[in-house]
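# Remarks on the overall topology
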Amino acid sequence: NSLNEEDFIELPELILIVQDEILLKKRNLEKERLEQQRQEKIKKATEAKKRQIVEEQRAKKRQIEEEQRAKEKENRLQLEALRSELHAHFRSNFLGVDKLYETSFHDRLTKKEFSQEKANYLQEWAKEQQWEKVPDNEQAIAASTFGSHVKVVARAGSGKTTTLISRVRFLVEH
């Protein structure tokens, strides 16, 4: 384990080689450490970007939902105003509302919705007048239809006569 003269002469060279290897390992370790830091920064930046995107998507979704709620509320208010206007016309000139629908309301209500509004009005009016038997929805639709013939077809005991009487009574009393 002792050094001979030849080894002793080569010792400074060996020391330099070992020092170079150590220095190279240090550099490689430093490169690896810097690469890890760079990868961690990239990972953090990517995660932050993902969180930002998710938050932006959530904010956009909330905004869309709020806009939808606002639009639904506006539509409800417009429909309530429209119904109120219709009911005012129903009270003043029920027989003329079909013509009014064709000129003023056809673009805001379907024919089916309009018929349902007339039926609802007839039922409300019958309740106000304290009719003993208020027509159900189908009877009210038939009884509130004017301007054309109405064919009432149903089984025995279903209320055809009541429907016809309701129609006549509504015409007379209204």
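Look a little higher up for the structure.
Let me sum up the structure you'll find in this document.

### Overview of the overall build of the protein chain
Along the protein chain, the regular secondary structure elements total five helices and zero strands. Ordered by position from N to C terminus, the α and β elements of the protein chain give α-α-α-α-α. Across its three principal directions, the C-alpha atoms of the protein chain cover 135 × 35 × 30 Å. Per-residue burial over the protein chain gives 18% buried out of 174 residues. Put simply, of all contacts in the protein chain between residues at least 6 apart along the chain, 48% involve residues at least 24 apart. Averaging the locations of the 34 positively and 32 negatively charged side chains of the protein chain gives two centres separated by 11 Å.

### A closer look at helix 5 (residues 160-173)
Taking 1.5 Å of rise per residue, 14 residues should cover 20 Å, and helix 5 covers 20 Å from first to last C-alpha, within 8% of that figure. Here helix 5 has its buried residues at T163, S166, R167 and F170. All buried residues of helix 5 project into a common sector of 100° when viewed along the axis, lining one side. Facing away from the buried side of helix 5, by more than 90 degrees, are the exposed residues T161, I165, V168 and V172. Where the residues of helix 5 are buried, they touch helix 3 (111-128) and helix 4 (137-143).

### Some details on the pattern of salt bridges
According to the stated counting rule, one finds seven salt bridges in the structure shown. For the salt bridge of E35 with R38, the shortest nitrogen-to-oxygen distance reads 2.9 Å. Placement of both E35 and R38 in helix 1 (residues 5-93) is noted, with a separation of three residues, approximately one turn of the helix. For E35, a relative accessible area of 33% corresponds to the partly exposed category. With its nearest N and O atoms 3.3 Å apart, the salt bridge here joins R62 to E55.

Parameters and conventions
Residues numbered from 1 in each chain as written. Predicted model: local features only at pLDDT ≥ 70, side-chain atom pairs only at ≥ 80, totals over all residues. Heavy atoms only, no water. Helix = DSSP H or I, 4+ residues; strand = E, 2+ residues; numbered from the N terminus. Buried < 20%, exposed > 50% of the residue type's maximum accessible area, 1.4 Å probe, protein only. Contact = heavy atoms within 4.5 Å. Lys, Arg positive; Asp, Glu negative; His and termini not counted. Charge placed at Lys NZ, Arg CZ, Asp CG, Glu CD. Expected span 1.5 Å × (residues − 1). Arc of directions from axis to C-beta. Salt bridge = Lys/Arg side-chain N within 4 Å of Asp/Glu carboxyl O.

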